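Geometric and topological summary
Here are the chains, one letter per residue:
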Amino acid sequence: MMEIAACADLNRSAAEKRAAEFGIPRVLEVDELLADNSIDIVLNLTVPKAHAPVTLAALDAGKHVYLEKPLAVTRKDGLKIIQRAKNKKLHVGCAPDTFMGLGLQTARKAIDDGLIGRPVAFLAFMMCPGHEHWHLNPEFYYEPGGGPMLDMGPYYLTALLNCLGPVKRVMGMATIAIPQRTITSEPKKGKKINVETPDHIVGSIEFEQGSMGSIITSFATRFPPYDGKNPITIFGEEGTLMVPDPNGFEGVVKLRTKDAADFVDLPPMFTQKYERSVGLAEMALSIHKGRPARASGEQAMAVLDLMLGFLDSSEQGKAYEPMVKYVRPAPLQADGGLQ
């Protein structure tokens, strides 16, 4: 059983508001939370540039950590987190956990069962106008460590890695397509944002098993906005698979085999429905069971390495070969259980 024991925020009133909203019994200062010996796991939901320092402080306080994506904004900090956790025999887990939902687990099983034959190619798209139109504090999305690849890439790359396995190399092209943005949401409506990180990235990926394809992540596609249909399509020798939105847990997987007239909906692998925080719950169970967590820090580090690889490739004009070895986590059981 997992119990939410306390919450903390640099803005104490924000923590108090959430505590009241969700029935969290205690509100603490950050240092108080880290010093509290009754707390075993810290859920780190800070902005990306704070992920590494907060996670390292929690590990140094003897706590397991589950954090929002990305794991860090640099490889150095990401690797430091992984090594610190190993040294202290602690667990680090990291979002996204949507790959554990019935949509992506069904897609993985379809590929593993050979329903499309050997995967040959894929297309993956995440294109939108940006977050300044709806977010309360959108500035960090346009700072180093932000941008569409580090913000939304974790969903797409984690899904692709779980379906297709380790990556051999990537190539990327990245640009700042819209150098200045104007916030149109409240409470900062009218404020200008200078964009400091690429807001439009196009990448190519070659997987170790041979399939190759393209991924686009963009905060610069405005008129009209991309409708989000068919965000991931995987093409095989024997058929094609349409994979649902990796930013969600459900969605219908569609299959068309080479002799079929059209796509058909695949029955879901299981009926269990998950929401955000299943990765945290599964990590807590894995600690109890003494086994690796599925939404692990190691997986997140492999994803971070690839995301930065697209940017490195764009700057250097050559392919990037991953420095972090990826190992696919175990699929969920047929009944959707986390055991």
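Up top is the structure these notes are about.
Residues numbered from 1 in each chain as written. Predicted model: local features only at pLDDT ≥ 70, side-chain atom pairs only at ≥ 80, totals over all residues. Heavy atoms only, no water.

1. Concerning the nonpolar core
One recurring pattern in soluble globular proteins is that nonpolar side chains are buried together. By size, the foremost hydrophobic cluster in this structure holds 88 residues, and its most contacted members are Leu71, Leu157, Ile205, Ile234 and Leu241. Once you skip the residues sitting within four places of it in the chain, Leu241 turns out to touch Ala107, Ala110, Ile111, Ile116, Ile232, Thr233, Ile234, Val253, Lys254, Leu255 and Leu266. With 5 residues, the next largest nonpolar core counts Cys7, Ala15, Ala19 and Val27 among its residues. (Core = buried A, V, L, I, M, F, W, Y, C linked by side-chain atoms within 4.5 Å. Buried < 20%, exposed > 50% of the residue type's maximum accessible area, 1.4 Å probe, protein only. Contact = heavy atoms within 4.5 Å.)

2. Things to note about helix α4 (residues 75-87)
With 13 residues, α4 extends 18 Å from end C-alpha to end C-alpha; this agrees with the ideal 18 Å at 1.5 Å per step. Here α4 has its buried residues at Arg75, Gly78, Ile81, Ile82 and Ala85. Along the axis of α4, the buried positions cluster into a sector of 130°, meaning they face one direction only. For α4, the exposed residues set more than 90 degrees away from the buried face come down to Lys76 and Asn87. (Helix = DSSP H or I, 4+ residues; strand = E, 2+ residues; numbered from the N terminus. Expected span 1.5 Å × (residues − 1). Arc of directions from axis to C-beta.)

3. Some words on the sheet that holds strand β12 (residues 232-236)
Two pairing modes exist for strands in a sheet, parallel and antiparallel, and in both the strands are linked by backbone hydrogen bonds. Taken in spatial order, the 8 strands of this open sheet run β7-β10-β11-β6-β12-β13-β14-β15, and their pairing is mixed. With one partner strand each, in any of the chains shown, β7 (167-175) and β15 (264-265) form the two edges of the open sheet. Examined bridge by bridge, strand β6 (residues 119-127) and β12 share 5 bridges and lie antiparallel to one another. Residue pairing in the sheet places Pro119 in a bridge with Gly236 of β12. Across the face of the sheet, helix α5 (residues 102-112) comes into contact with β6, β12 and β13 (239-243) while running at roughly 165° to β13. Along the sheet, helix α8 (residues 297-316) makes contact with β7, β10 (200-207) and β11 (212-218), crossing β7 at roughly 60°. (Pairing = 2+ DSSP bridges. Axes fitted to C-alpha atoms, helices over the stretch in contact; angles between N-to-C directions.)

4. Thoughts on unusual backbone geometry
For the peptide bond that leads from Lys69 to Pro70, omega is -5°, which places it in the cis range. Here Pro70 is to be found in the loop between β4 (64-67) and α4. The residue Lys89 is not glycine, and still its phi comes out positive at about 55°. Among the structural elements, Lys89 can be located in the loop between α4 and β5 (92-94). Positive phi, normally seen in glycine, also occurs at Ser277, with a value near 110°. Summarising the element assignment, Ser277 is placed in the loop between β15 and α7 (278-289). Assessed through its relative accessible area of 43%, Ser277 is described here as partly exposed.

5. So, the environment of Gly336
Position of Gly336 relative to the elements: it lies in the segment after α8. A relative accessible area of 2% means that Gly336 is categorised as buried. C-alpha separation for the pair Gly336 and Phe122, spaced 214 residues apart in sequence, amounts to 26 Å. Every residue in contact with Gly336, bar those within four places of it in the chain, is listed here: Phe270, Gln272 and Tyr274.

6. Things to note about the layout of surface pockets
Taken as a whole, the second largest pocket spans an internal volume of roughly 490 Å³. What lines the second largest pocket is a set of 23 residues, and nearest its centre among them are Pro292, Ala293, Ser296, Glu298 and Gln299. Breaking the lining of the second largest pocket down by element, the ones donating at least two residues are α4 and α8. Taken together, the residues that form the lining of the second largest pocket break down as 13 nonpolar, 4 polar and 6 charged. (1 Å grid on protein atoms, 1.4 Å probe; cavity = no way out; pocket = protein on both sides within 12 Å on 5 of 7 lines; lining within 4 Å. Points joined across faces, edges and corners; volume = space filled by probe spheres on them. Nonpolar A, V, L, I, M, F, W, Y, C, P; charged D, E, K, R; others polar.)

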